[in-house]
Amino acid sequence: MNDSMNTMKTYTTIDEQIALYRERGLIIEDEERVRPFLTDVNYYRLSGYTSVLRDPETDKLPQGLRFEDLLQCYDFDMELRLLLTYVLQYVEISLRAYISNTHAEKYGSTGYIDPVSFERADKHLAFINKLEKEKERHGWKEEFVKHHIKKYDGRFPIWAAVELLSFSEIVTLYKNLKDDMKIKICTEHYGTKDIKIIEDRLRNISDLRNICAHHGRLYCREMTYDMKLTPEEKEVIERLGSGIIAAPRTLFVYMIILKKIVKTDFYWGKFVKSFDVLPEKYPFVRLERYGFPPGSSGLRDFENIFD
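A. Quick peek at the environment of Ile128. Within the secondary structure, Ile128 sits in helix H5 (residues 121–138). In this structure, the C-alpha to C-alpha distance between Ile128 and Tyr86, residues 42 residues apart in sequence, is 29 Å. Among residues more than four places away in sequence, those in contact with Ile128 are Tyr112 and Ile113.

Written as structure tokens, this is what we have:
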């Protein structure tokens, strides 16, 4: 073992965790309320919220910060993930339909089996191998899988095959389509012929979906990738002013670009209406922590910024 490695942190009891929070400046008025929360929620998970608030030099939390304020950050984030999951599933499900309908129209229901119908044979092989593994994994519990195994000897039309793939795998499959099919999807469903920018946005949206699915912190988070923006979009965002972190990696920019991907007003409208309740419900949380321009009250303020 390398002696130069840092010593692993030791286990701390709930009382020790409370004492550590107080040492860092957190005001805890009701320990009996705090103990059940720390019992049910991993201290390490909650520390993700305190770490972005602590002074990096003193390791202290802002003066006057209460445990209830910290819970508002945590609960705001939890509700936000649920709302994003609602609208992101629309993007995922619709992309499955766009791919399967466009591919089947040109190559037939099982044309996807032929690598010639895709851009790269190596990526096609990875897709087919993944598909076979998913058939085995779901064969005993998914009715549509059992149906195709029994009636069609395991042959699936593409619109059934895509249902076995994750969002990130669907995005990878989209990226391997022939350019003519990507152009068709982009022009008919995403309002642009720029296939590269849509590839980038779908990749980023898939990454956001994974963060939400694994209960990752969104509060004060810099996203994994820059959101690729058109010159016009960059100009608008620069005019609005950036949040606390680089604008192309803020959740705010991800959300206003997400509106361009979600074409159904019903789903987007429900999302915006539900989101705009959160700042009033959790008044300690400032939207600037998600990259919103200073003084923002919600998403409704930015509904038509690109018009």
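Now, onward.
B. Layout of the side chain of Asp276. Here Asp276 shows up in the loop between helix H13 (265–275) and helix H14 (278–281). The exposure class assigned to Asp276 is buried, which follows from its relative accessible area of 14%. Engagement of the side chain of Asp276 in a polar contact is seen with the backbone nitrogen of Arg300, the distance being 3.1 Å. Sequence-distant contacts of Asp276, that is, excluding residues within four places in its chain, are made with Gly298, Leu299 and Arg300.

C. Representation of the packing of helix H3 (residues 43–51) against helix H4 (residues 67–107) in the model. It is the contact of H3 with H4, at a shortest axis distance of 10 Å, that shows an interaxial angle of 105 degrees. In terms of orientation, H3 and H4 fall into the roughly perpendicular class. Taken together, the residues of H4 that come into contact with H3 (itself represented by Arg45, Leu46, Tyr49 and Thr50) are Phe67, Leu70, Cys73, Tyr74, Asp77 and Arg81. When grouped by side-chain class, the residues that make up the contact of H3 with H4 number six nonpolar, one polar and three charged.

D. Layout of helix H1 (residues 14–23). Where H1 is concerned, the buried positions are Gln17, Ile18 and Tyr21. On an axial view of H1, the arc spanned by its buried residues comes to 100 degrees, and they lie on one face.

Definitions and cut-offs
Residues numbered from 1 in each chain as written. Predicted model: local features only at pLDDT ≥ 70, side-chain atom pairs only at ≥ 80, totals over all residues. Heavy atoms only, no water. Helix = DSSP H or I, 4+ residues; strand = E, 2+ residues; numbered from the N terminus. Contact = heavy atoms within 4.5 Å. Buried < 20%, exposed > 50% of the residue type's maximum accessible area, 1.4 Å probe, protein only. Polar contact = N/O pair within 3.5 Å; in protein donor to acceptor, adjacent residues only side chain to side chain. Axes fitted to C-alpha atoms, helices over the stretch in contact; angles between N-to-C directions. Parallel < 35°, antiparallel > 145°, perpendicular 65-115°, else oblique. Nonpolar A, V, L, I, M, F, W, Y, C, P; charged D, E, K, R; others polar. Arc of directions from axis to C-beta.

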